[in-house]
Amino acid sequence: MTYQNYSLKQLQQIDAAHHLHPFTDHKEMRETGSRIITRANGPFIYDSEGTEILDGMAGLWCVNVGYGRDELADAAYAQMKELPYYNSFFKCSTPTPVLLAKKLAELAPKGVNQVFYGSSGSEANDTALRLVRHYWALEGKPQKNRIIARKMGYHGSTIAGTSLGGMDLMHKQLGGAVPNIVHVMMPYAYELALPGESDHDFGLRAAKAVEDAILEAGADKVAAFIGEPVMGAGGVKIPPMSYWPEVQRICRKYDVLLMLDEVITGYGRTGEWFAAQTFGVEPDTITTAKALTSGYQPLSALLVGDRIAATLVEKGGEFYHGYTYAGHPVACAVALKNLEIMEREGLVDRVKNDTGPYFAKALQERIAGHDLVGEVRSIGLMGAIEIVRDKATKERFLPAGSAAVVVRDHAIAQGLMLRATGDTMILSPPLIWTRETIDMACERIAKALDLAQADLRRR
Ligand code: PXG
């Protein structure tokens, strides 16, 4: 059965009748109808009416090599014909997850050499949480099980992911979080730095919040600190360069493990393979997913540092944990090909040395000056635009979050898909964007801001 036999209206009606969507107000969506994307190529997506939209979000932060890659489709097809599925439980393996694990160990920061697979970032964080607590239990310190995380952090939507995350609205619907997780301040200078406080000092103060939480609990009770190197869903909040090295120093001082959630930042987004390398830290675990396959297949890889791996292997016995699709041969075949494409095309270097700096400059020169814009910031190819009512005082439009939605809707109408989170516009494009694509995006953003300004001033 092909969807071409259905009209847009029919697809929307069926969608409304049967399909519950993630993070969606269903009543509202059923009134307006869903936007149905039917195909994509290179940096563009197309909806069912044939409208071409530049995808400023790489799907959901994942399609790093862009759309329409025959090589990835061919890799999946070949693997499906050869061996569509076999598991990695009970001392079995299949070739592609083995070869992918080797490749990931080569790319990962120093001291990180083992991989545990899943199908999503949420699953990988579940694994990470279990693994660090298990580690301390195996080391004879089962009481060292508290996790320090951050307000506004996003670590997925399973119960563990939501508990690790610091999103109030998600916690409200949780009906009981995983115990022993505390949340400290985020390193978000635009709103949280004190008057006159330098970025550097603010970074140190935000890191100090981690130390305070460790001291409050007692270091013998704290297992790990978890954070996204750059907070993604929380609004592309880029910490000052002083933050992560200081967090690492504190973690080492109190023998607290460092867990990085690189589901968004992993695989080139910040101009290095991992943001751990961008910020100069050596984590004990790195959660990855999304761009590992550029979104062409669901796959996550929890990268595990030598310290934890050694204890798990030597003292752990059987680890009672794992997913049917862990190390799925087709997903791993696609991941291997995806990483090969990224290397062959030098996409990570391009972000670091060419498109990343160009993107930063374009946002500064062409967007930052707009009346509606309080701040622009970016690192590699992830960026944010703060929408404000008053640049000088940083006053926002009311109700909170409403202005960014106006900008977003104009941007989409101008042919640029981007995301609004709170009053922040977010960009996280495919790493294949060129200077020309960045120019095109900036033109559309500027136009959307002008149109939004006219709407908002009328309110
Ligand atoms: N960690 C981080 C840092 C993420 O960004 C997850 C974990 C969970 O991954 P899965 O594969 O379980 O979804 C994510 C996912 C958004 C948005 O609107 C962000 C994500 C997912 C969906 C929407 O910004 N990030």
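Draft legend 1. Representation of the domain arrangement of the protein chain within the structure. When cut into domains, the protein chain gives domain 1 (35–65 + 346–457) and domain 2 (71–344). Just the C-alpha atoms count here: the centres of domain 1 and domain 2 sit 26 Å apart. With 33 residues of domain 1 at the contact, the number on the domain 2 side is 34 residues. Of the roughly 2600 Å² buried between domain 1 and domain 2, counting both surfaces, carbon and sulfur atoms make up 61%. The largest per-residue losses of area from domain 1 upon contact with domain 2 belong to Trp-61, Val-348 and Ile-379, which jointly make up 24% of the total buried on that side. Arg-396 serves as the salt-bridge partner of Glu-191, at 2.8 Å between the closest nitrogen and oxygen. For the interface between domain 1 and domain 2, the tally reads 19 residue pairs in polar contact (both at pLDDT 80 or more). Counting only elements with at least two residues in the side of domain 1 that touches domain 2, the list comes to α3 (58–61), α15 (347–367), β11 (373–379), β12 (382–387), β14 (419–421) and β15 (424–427). Per-element tally for the side of domain 1 that touches domain 2: the top contributor is β11, with five residues. Of the residues belonging to the side of domain 1 that touches domain 2, the class tally is 17 nonpolar, nine polar and seven charged.

Draft legend 2. The arrangement of the sheet that holds strand β7 (residues 222–227) in detail. Spatially, β4-β10-β9-β8-β7-β5-β6 is the arrangement adopted by the seven strands of the open sheet, whose pairing is mixed. Each of the sheet's edge strands pairs with one partner strand only, and the pair in question is β4 (112–118) and β6 (181–184). Here the average twist between neighbouring strands, direction ignored, is 20°. By the bridge criterion, three bridges tie strand β8 (residues 257–261) to strand β9 (residues 285–288) in an arrangement that is parallel.

Draft legend 3. Inspection of the packing of aromatic side chains at higher detail. If you walk through the whole model with that rule in mind, you get ten aromatic pairs. Residues Phe-225 and Trp-244 carry aromatic rings whose centres are separated by 6.0 Å and whose planes lie at 55° to one another, so their mutual orientation is tilted. Taken as a pair, Phe-225 in strand β7 and Trp-244 in helix α11 (residues 243–253) lie far apart in primary sequence, 19 residues in all. A relative accessible area of 1% means that Trp-244 is categorised as buried. Between the aromatic rings of Tyr-267 and Phe-274, the centroid separation amounts to 5.2 Å while the plane-to-plane angle is 65°, which identifies the pairing as edge-to-face. Clustering of aromatic rings is evident, with ring pairs tying together Tyr-85, Tyr-86 and Tyr-325. Above the face of the Tyr-46 ring, Arg-39 is positioned so that its terminal group lies 4.1 Å from the ring centre.

Draft legend 4. Just the site of the ligand, in detail. If you check the shell around the ligand, you find 16 residues, and the closest are Trp-61, Gly-121, Ser-122, Asp-261 and Arg-419. At 2.7 Å from a nitrogen atom of the ligand is found a side-chain nitrogen or oxygen belonging to Asp-261. Contact distances for the ligand include 3.2 Å between a nitrogen atom and a side-chain N or O atom of Lys-290. Alone, the ligand offers 540 Å² of accessible surface; in the complex the protein occludes 84% of this. Looking at the shell around the ligand, the elements that each hand over two or more residues are α3 and α6 (121–138). By residue number, the principal contributor to the shell around the ligand is α6, which donates three residues. When grouped by side-chain class, the residues that make up the shell around the ligand number six nonpolar, six polar and four charged. Both of domain 1 (35–65 + 346–457) and domain 2 (71–344) provide at least three residues apiece to the shell around the ligand.

Draft legend 5. Main features of the pattern of salt bridges. Under the criterion given, the structure shown has 26 salt bridges. With a closest N to O distance of 3.5 Å, Lys-253 and Glu-211 form a salt bridge. You can see Lys-253 sitting in helix α11 and its partner Glu-211 sitting in helix α10 (residues 199–217), a full 42 residues away along the chain. Since its relative accessible area comes to 9%, Glu-211 is described here as buried. Each of Arg-69, Glu-71, Lys-337, Glu-340, Arg-344 and Glu-345 takes part in salt bridges that share partners, so that together they form one network.

Draft legend 6. Just the pairing of strand β3 (residues 52–55), in detail. Pairing of strand β2 (residues 44–47) with β3 involves three bridges; the strand directions are antiparallel. When the sheet's bridge partners are listed, Ile-45 is paired in β3 with Ile-53. Hairpin connection between β2 and β3: a loop of four residues separates the two successive antiparallel strands, and Gly-50 in this loop has a positive phi of roughly 85°. Examined bridge by bridge, β3 and strand β13 (residues 416–417) share two bridges and lie parallel to one another. Across the sheet, Asp-55 pairs through a bridge with Met-417, a residue of β13.

Draft legend 7. Geometry of a nonpolar patch on the surface. Judged by side-chain polarity, Tyr-3, Tyr-6 and Ile-14 come together as a nonpolar surface patch covering roughly 260 Å² of accessible area. With respect to the helices and strands, the residue Tyr-6 is situated in the segment before α1 (8–18).

Draft legend 8. Focus on the state of the cysteines. By the definition in use, this model includes zero disulfides. With no disulfide of its own, Cys-92 lies 15 Å from the sulfur of Cys-332, the closest cysteine sulfur.

Draft legend 9. Spotlight on the packing of helix α16 (residues 402–413) against helix α17 (residues 435–458). Following both chains from N to C, one finds α16 and α17 inclined at 135°, their axes separated by 8 Å at the closest point. Comparing the axis directions of α16 and α17 gives the class oblique. Crossing hand, α16 versus α17: right-handed. On the side of α16, the interface is formed by Ala-403, Val-406, Val-407, His-410 and Ala-411, while α17 contributes Ala-448, Leu-449, Leu-451, Ala-452, Asp-455 and Leu-456. Considered class by class, the residues forming the contact of α16 with α17 number nine nonpolar, one polar and one charged.

Cut-off values and rules
Residues numbered from 1 in each chain as written. Predicted model: local features only at pLDDT ≥ 70, side-chain atom pairs only at ≥ 80, totals over all residues. Heavy atoms only, no water. Domains from an automatic or database assignment. Contact = heavy atoms within 4.5 Å. Buried area = accessible area lost by both parts, 1.4 Å probe. Salt bridge = Lys/Arg side-chain N within 4 Å of Asp/Glu carboxyl O. Polar contact = N/O pair within 3.5 Å; in protein donor to acceptor, adjacent residues only side chain to side chain. Helix = DSSP H or I, 4+ residues; strand = E, 2+ residues; numbered from the N terminus. Nonpolar A, V, L, I, M, F, W, Y, C, P; charged D, E, K, R; others polar. Pairing = 2+ DSSP bridges. Axes fitted to C-alpha atoms, helices over the stretch in contact; angles between N-to-C directions. Phe/Tyr/Trp six-rings, centres within 6.5 Å; stacked < 30°, edge-to-face > 60°. Buried < 20%, exposed > 50% of the residue type's maximum accessible area, 1.4 Å probe, protein only. Lys NZ or Arg CZ within 6 Å of the ring centre and 35° of its normal. Near = heavy atom within 4 Å. Areas by Shrake-Rupley, 256 points an atom, 1.4 Å probe, with all protein chains shown as cover. Patch = residues over 30% accessible without salt bridge, like charges linked within 9 Å, V, L, I, M, F, W, Y side chains within 5 Å. Disulfide = S-S within 2.5 Å. Parallel < 35°, antiparallel > 145°, perpendicular 65-115°, else oblique. Left-handed = near helix turned anticlockwise from the far one by under 90°.

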